[in-house]
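Here are the chains, one letter per residue:
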Amino acid sequence: MGTNSQTTDTLISSPPVPTASVSAGSSGIGLVDSAHPYYLHPSDYPRMNPVSSVFDGRGYGGWRRAVVIALSAKNKLGFIDGTLVVPDADSGLQRAWARCNDMVLSWLLNSLSKEIAESVLYSQSAKDPWHDLEDRFGQASGAKLFQLQKELSAVVQGESGSFMVTNQAAGKKFGDSKGQKGSYDAKKNSGICAYCKKLGHSIDKCYRVHGFPADFKFTKPRKF
């Protein structure tokens, strides 16, 4: 293992990896000293959130600082800053590294909102989502851009839903109006005589075709 002490925070740095504290066993994991970065305490579990808040795109600086402190306390900073790389195949420690890497990766995912966690869910190592989030939210403009995109998406979805409801209501109103007009026209046409073209009766009852009753009173003098 290397002894690189590259830092990820101005106040906290990854300690060098003690090579003498690990002895590989036949299982591929070996016996890990409690001072070694590969050591996992019995209280460590995958669904744990190392910080008290979930990062949702706002307050990246505070969330990042809290994660750095938590991982430093657990001696796991090397998994996100890249100083703890995959061991050589003949070292017998690859499974121990993979186990700790997956643990740190799960901690990071648990500290993210569902939307952001899904965007980095398929990362292979813990340092990949860490660097990705740094690129996206490391500057204030990046965090503001994410928030603006989120708000814009909500507005667009809201307007789309309103547009659909309005169109449906307009279509229903137009359909009702068209149906009423058709019904009115049908009633109107059914009350016009095909012979004399007057309202109120059909040709079957038209006096001009079948003759006027004897007691029929004409309003105007009859022309013969």
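Here, the structure is the one placed above.
Our subject in this report is the structure included herewith. (Residues numbered from 1 in each chain as written. Predicted model: local features only at pLDDT ≥ 70, side-chain atom pairs only at ≥ 80, totals over all residues. Heavy atoms only, no water.)

1. Here we look at helix α1 (residues 60–73)
Three or four residues apart is the spacing at which side chains of an α-helix point the same way, because the helix has 3.6 residues per turn.
No. 1: An ideal rise of 1.5 Å per residue puts 20 Å on 14 residues; α1 measures up with 20 Å between its terminal C-alpha atoms.
No. 2: Taken residue by residue, α1 has Tyr60, Trp63, Arg64, Val67, Val68, Ala70 and Leu71 as its buried positions. When α1 is viewed along its axis, its buried side chains cluster within an angular range of 170° and face the same direction. Turned more than 90 degrees away from the buried face of α1 sit Gly61, Gly62 and Ala73, all of them exposed.
No. 3: Those residues of α1 that are buried are in contact with α2 (78–81), α3 (94–110) and α5 (127–137).
No. 4: In the segment just after α1, Asn75 is the residue with positive phi, at about 60°. (Helix = DSSP H or I, 4+ residues; strand = E, 2+ residues; numbered from the N terminus. Expected span 1.5 Å × (residues − 1). Buried < 20%, exposed > 50% of the residue type's maximum accessible area, 1.4 Å probe, protein only. Arc of directions from axis to C-beta. Contact = heavy atoms within 4.5 Å.)

2. So, the nonpolar core
No. 1: Core analysis: the biggest nonpolar cluster contains 33 residues, and Trp63, Phe79, Ile80 and Leu112 have the highest contact counts within it.
No. 2: Sorting the residues of this core by element identifies α1, α2, α3, α4 (114–119) and α5 as the ones contributing at least two each.
No. 3: Among the elements that make up this core, the one with the highest residue count is α3 (nine residues).
No. 4: Not counting residues up to four positions away in its chain, the partners in contact with Phe79 are Pro37, Tyr38, Leu84, Trp97, Cys100, Asn101, Val104, Ala126 and Lys127. (Core = buried A, V, L, I, M, F, W, Y, C linked by side-chain atoms within 4.5 Å.)

3. Examining the packing of α1 against α5
No. 1: Where α1 meets α5, the axes come as close as 11 Å, and the angle between the chain directions of the two elements is 155°. Of the possible angle classes, the one that applies to α1 and α5 is roughly antiparallel. Both α1 and α5 take part in a crossing whose hand is left-handed. Contacts between α1 and α5 pair Tyr60, Trp63, Arg64, Val67 and Val68 from the former with Trp130, Leu133, Glu134 and Phe137 from the latter.
No. 2: Broken down by class, the residue content of the contact of α1 with α5 amounts to seven nonpolar, no polar and two charged. (Axes fitted to C-alpha atoms, helices over the stretch in contact; angles between N-to-C directions. Parallel < 35°, antiparallel > 145°, perpendicular 65-115°, else oblique. Left-handed = near helix turned anticlockwise from the far one by under 90°. Nonpolar A, V, L, I, M, F, W, Y, C, P; charged D, E, K, R; others polar.)

4. A closer look at the pattern of salt bridges
Between side chains of opposite charge, pairing is possible as soon as their charged atoms come close.
No. 1: Inspection of every chain in the model, using the stated rule, returns five salt bridges.
No. 2: As a salt-bridge pair, Arg64 and Glu134 come within 3.1 Å of each other at their nearest N and O atoms. Of the two residues, Arg64 sits in helix α1 while Glu134 sits in helix α5, which places them 70 residues apart along the sequence.
No. 3: Salt-bridge contacts for Lys127 lead to Asp128; the nearest nitrogen and oxygen are separated by 3.7 Å.
No. 4: Judged by its relative accessible area of 32%, Lys127 falls in the partly exposed class.
No. 5: The partly exposed category is assigned to Asp128, whose relative accessible area is 33%. (Salt bridge = Lys/Arg side-chain N within 4 Å of Asp/Glu carboxyl O.)

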